[in-house]
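# Architecture and fold: a report
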Amino acid sequence: MDNIDKLKKAFSDALELSNEKITDELSYGNETWDSIAHLALVASIETEFDIMLNSDDVIDMSSFKKAKEILNKYDIDF
């Protein structure tokens, strides 16, 4: 599984969305992504990639596109 598939899996698991709905346009407040789901998403990403996000990154993660940008800082390429 490549990194984009792993990230989509993390989003899918946490937000209970199908892969078709997980695009760069998906953002906080859309579909099922609320504050509680955001915490589940962070945990899912940390587990999937075996990393620990810092608090600024957790706060800044506002879209699927932004999540990819943040993970690039952790040497995870897409």
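To keep things clear, this report deals only with the structure shown in the data block. (Residues numbered from 1 in each chain as written. Predicted model: local features only at pLDDT ≥ 70, side-chain atom pairs only at ≥ 80, totals over all residues. Heavy atoms only, no water.)

### Here we look at the packing of helix H1 (residues 3-15) against helix H2 (residues 35-49)
Remark: H1 packs on H2, axes separated minimally by 8 Å, with the N-to-C direction vectors making an angle of 145 degrees. The interaxial crossing formed by H1 with H2 has right-handed handedness. Residues Asn3, Lys6, Leu7, Lys9, Ala10, Phe11, Asp13, Ala14 and Leu15 of H1 lie in contact with H2, whose contacting residues are Ala37, Ala40, Leu41, Ser44, Ile45, Glu48 and Phe49. Taken together, the residues of the contact of H1 with H2 sort by class into ten nonpolar, two polar and four charged. (Axes fitted to C-alpha atoms, helices over the stretch in contact; angles between N-to-C directions. Helix = DSSP H or I, 4+ residues; strand = E, 2+ residues; numbered from the N terminus. Left-handed = near helix turned anticlockwise from the far one by under 90°. Contact = heavy atoms within 4.5 Å. Nonpolar A, V, L, I, M, F, W, Y, C, P; charged D, E, K, R; others polar.)

### Examining the side chain of Glu46
Mapping Glu46 onto the fold places it in helix H2. The side chain of Glu46 is buried and forms no salt bridge, while Lys73, the nearest opposite charge, is found at 12 Å. If near-sequence neighbours (up to four positions away) are discounted, Glu46 is found in contact with Ile51, Met52 and Leu53. (Buried < 20%, exposed > 50% of the residue type's maximum accessible area, 1.4 Å probe, protein only. Lys, Arg positive; Asp, Glu negative; His and termini not counted. Salt bridge = Lys/Arg side-chain N within 4 Å of Asp/Glu carboxyl O.)

### Some remarks on the side chain of His38
Locating His38 in the fold gives a position in helix H2. For His38, a relative accessible area of 10% puts it in the buried group. At 3.0 Å, the side chain of His38 and the side chain of Trp33 are in polar contact. (Polar contact = N/O pair within 3.5 Å; in protein donor to acceptor, adjacent residues only side chain to side chain.)

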